[in-house]
Amino acid sequence: MNVKSFHKHYHLMLLPGVVLLIVFHVVPMFGIVIAFQDFKIGRGIWNSEWIGLENFAYLFEIRDGKVIFFNTVFIALSKIVAHLVVPLVFALLLNEVRMMAVKRWVQTVVYLPHFISWVILAGIVIDMLSLGGIVNQTLKSLGFEPILFLASNAWFPAIVVGSDIWKEFGFAAIVYLAALAGINPSLYEAAEMDGAGRFQQLLYITLPSLASTVVLLGTLSIGNILNAGFDQIFNLYNPLVYDSGDIIDTYVYRVGLVQAQYGFATAVSLLKSAIGFVLIVISYRLAYKYANYRIF
C-alpha cells in the first residue's frame, strides 16, 4: 500500500465525523441571523423584521442581564478555583499513602461520581438536602432548625460549587497524580540525606514541581469563565433561586424554548459565544507565555 492510498483510508475514516460536525455544528450557525431580528416563528427567518442590535441593547437594559452575567462569572470562577485547589490537595494526600490496596480503593471511590450524570446526582443532592433528608435530620438531632437549602439564594451557589467538587475532584486529580509520578525520585533521596522531613520535601520539591501544571490548568480555565454548568444547575435550581442560580445557559433555555423569545435568546447566546471565544484565545496565549503550552 503506497502512502497516498494510506492517507485516503484515513480521510474516509474521518468522513462520517466531519459530515456530522458540519450538519450539527456548522450549518446551524447560519441561524444566528435571528439574533438581529424580531423573529416570529410563523414568518420564518426570511420574513421576520430586521431590528439590528436591539436584542443586545435590551439585554443590558433589563435587570436579568446583570443577574445572569454576575451569577455565571461568580459560579464559574468559584468552580475554577475549587477545581485547582481541591484536586491538588487530594492528590498530595493520596500520594502519601503507601498501602497500594487502600490507595486504589480510594481512587475508585472518588472517581465514580464523574461517570454518573447530573440527572442522577442532582436527585441524590435534592433528596439529601430536602426537609426530610439526611442533612436536615442531622441538624434537627443537634437542636437546629431545618433549612430549605434549595430554596435559599444564600445557600444555592455554595451547593452548586460543593456538589460539582464532589462529582469531579477525584477525576481532576489524575492530572496531578501523573505530574507527581513524573518527579525525579532522586530529588527526594537527596533531600532526605540532607535531613529534610516530609513537609519540607513537599514545600521545596513537590509544590515547585507541580507549579507549571497548576499554572497551565489555571490559564486554560479562563476560557470557561462563562460556562458555569448548565446540566447541573438546570437539574438543581427552581424559580425561588433564580436571583443567585440563574446563569446564561439556563436563561437562554427559559427565554428561548419556554417563553419562545427566539431572537432575544439567540442574541444572549451569541454574545456569550463571542466573549467565550475571546477568553479562549487569551487563555491559550497566557498558557503559551507562562507554561510553554501550545496546540499548534
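Participant: I keep staring at a nonpolar patch on the surface and nothing clicks. Help me out?
Facilitator: Residues Ile116, Val119, Ile120, Ile124, Met128, Ile134 and Trp166 make up a contiguous nonpolar surface patch of roughly 610 Å² in combined accessible area. Here the nonpolar patch takes four residues from helix H6 (residues 118–129), the largest share from any one element. Note that Val119 resides in helix H6. Exposure remark for Val119: the relative accessible area of 58% places this residue in the exposed category.

Participant: Just checking my understanding: could you explain the packing of aromatic side chains for this structure?
Facilitator: Geometrically, a pair of aromatic rings is defined through the distance of the ring centres and the angle of the planes. Counted by the stated rule, this structure contains 14 aromatic pairs. Each ring, one from Phe36 and one from Phe56, has its centre 5.5 Å from the other, and the planes form 40 degrees; the classification is tilted. Placement of the pair is Phe36 in the loop between helix H1 (3–26) and strand S1 (37–38) and Phe56 in helix H3 (residues 54–61), with a sequence separation of 20 residues. For Phe36, a relative accessible area of 22% corresponds to the partly exposed category. In this structure Phe56 comes out as buried when scored by relative accessible area, which is 14%. With centroids separated by 6.2 Å and ring planes inclined at 85 degrees, the aromatic side chains of Tyr251 and Phe264 adopt a geometry described as edge-to-face. Of the two residues, Tyr251 sits in helix H13 (residues 248–258) while Phe264 sits in helix H14 (residues 262–291), which places them 13 residues apart along the sequence. As far as the burial class goes, Tyr251 and Phe264 line up, both buried. An aromatic cluster is defined as three or more aromatic residues linked by ring pairs; in this entry it consists of Phe36, Trp50 and Phe56. Above the ring of Tyr242, the side-chain terminus of Arg254 is found at 4.1 Å from the ring centroid.

Participant: Would you take a moment to explain the nonpolar core for this structure?
Facilitator: Here is a general trend for soluble globular proteins: nonpolar side chains tend to be buried in one another's company. Counting residues in each nonpolar core, the largest one holds 40 residues, and the members touching the most others are Leu59, Ile68, Leu180, Ile248, Phe264 and Val268. The biggest single contributor to this core is helix H4 (residues 63–95), with ten residues. When residues no more than four places from it in sequence are discounted, the contact partners of Leu180 are Ala91, Leu92, Asn95, Thr206 and Leu210.

Participant: Explanation requested: the side chain of Asn136 in the structure shown.
Facilitator: Within the secondary structure, Asn136 sits in helix H7 (residues 134–141). One polar contact links the side chain of Asn136 to the main-chain amide nitrogen of Ile147, over a distance of 2.8 Å. Look past the residues within four positions of Asn136 in its chain and what remains in contact with it is Met128, Leu129, Ser130, Leu131, Pro146, Ile147 and Phe149.

Participant: For this particular structure, what's the right way to read unusual backbone geometry?
Facilitator: With glycine set apart, most residues show a phi of negative sign, and most peptide bonds adopt trans. A positive phi angle, close to 60 degrees, is found at Ala260, a residue other than glycine. Considering the arrangement of structural elements, one finds Ala260 in the loop between H13 and H14.

Participant: Sorry if this is basic, but what is going on with the confidence of the model for the chain here?
Facilitator: Parts of the model with low pLDDT should not have their predicted coordinates read in detail. Averaged over every residue, the pLDDT of the chain is 85; the share at 70 or more is 96%. The secondary structure element of the chain with the lowest average pLDDT is H1, at 81, and the one with the highest is H6, at 91.

Participant: Before we go on, may I ask you to explain the pattern of salt bridges in this structure?
Facilitator: Opposite charge on two side chains permits pairing when their charged atoms draw close. This model, assessed by the stated rule, comprises five salt bridges. Here Arg63 ties to Asp243 by a salt bridge, and the two come within 3.4 Å at their closest N and O atoms. Placement of Arg63 in helix H4 and of Asp243 in helix H12 (residues 242–245) is noted, with a sequence separation of 180 residues between them. A relative accessible area of 52% places Arg63 in the exposed class. Salt-bridge contacts for Arg254 lead to Asp246; the nearest nitrogen and oxygen are separated by 2.3 Å. A single burial state applies to Arg254 and to Asp246, both of which are buried.

Participant: Honestly, the packing of H4 against helix H10 (residues 198–220) in this entry has me stumped. Any pointers?
Facilitator: In helix packing, the relevant descriptors are the interaxial angle and the interaxial distance, both defined with respect to the helix axes. The interhelical angle for the contact between H4 and H10, taken along N-to-C directions, is 145 degrees, at an axis separation of 12 Å. Handedness of the crossing formed by H4 with H10: right-handed. Here H4 contributes Leu84, Leu88 and Leu92 to the contact with H10, which in turn contributes Leu202, Thr206, Leu207, Leu210, Val214, Leu217 and Gly218. Split by residue class, the contact of H4 with H10 holds eight nonpolar, two polar and no charged.

Cut-off values and rules
- Residues numbered from 1 in each chain as written.
- Predicted model: local features only at pLDDT ≥ 70, side-chain atom pairs only at ≥ 80, totals over all residues.
- Heavy atoms only, no water.
- Patch = residues over 30% accessible without salt bridge, like charges linked within 9 Å, V, L, I, M, F, W, Y side chains within 5 Å.
- Areas by Shrake-Rupley, 256 points an atom, 1.4 Å probe, with all protein chains shown as cover.
- Salt bridge = Lys/Arg side-chain N within 4 Å of Asp/Glu carboxyl O.
- Helix = DSSP H or I, 4+ residues; strand = E, 2+ residues; numbered from the N terminus.
- Buried < 20%, exposed > 50% of the residue type's maximum accessible area, 1.4 Å probe, protein only.
- Phe/Tyr/Trp six-rings, centres within 6.5 Å; stacked < 30°, edge-to-face > 60°.
- Lys NZ or Arg CZ within 6 Å of the ring centre and 35° of its normal.
- Core = buried A, V, L, I, M, F, W, Y, C linked by side-chain atoms within 4.5 Å.
- Contact = heavy atoms within 4.5 Å.
- Polar contact = N/O pair within 3.5 Å; in protein donor to acceptor, adjacent residues only side chain to side chain.
- pLDDT = per-residue confidence, 0-100.
- Axes fitted to C-alpha atoms, helices over the stretch in contact; angles between N-to-C directions.
- Left-handed = near helix turned anticlockwise from the far one by under 90°.
- Nonpolar A, V, L, I, M, F, W, Y, C, P; charged D, E, K, R; others polar.

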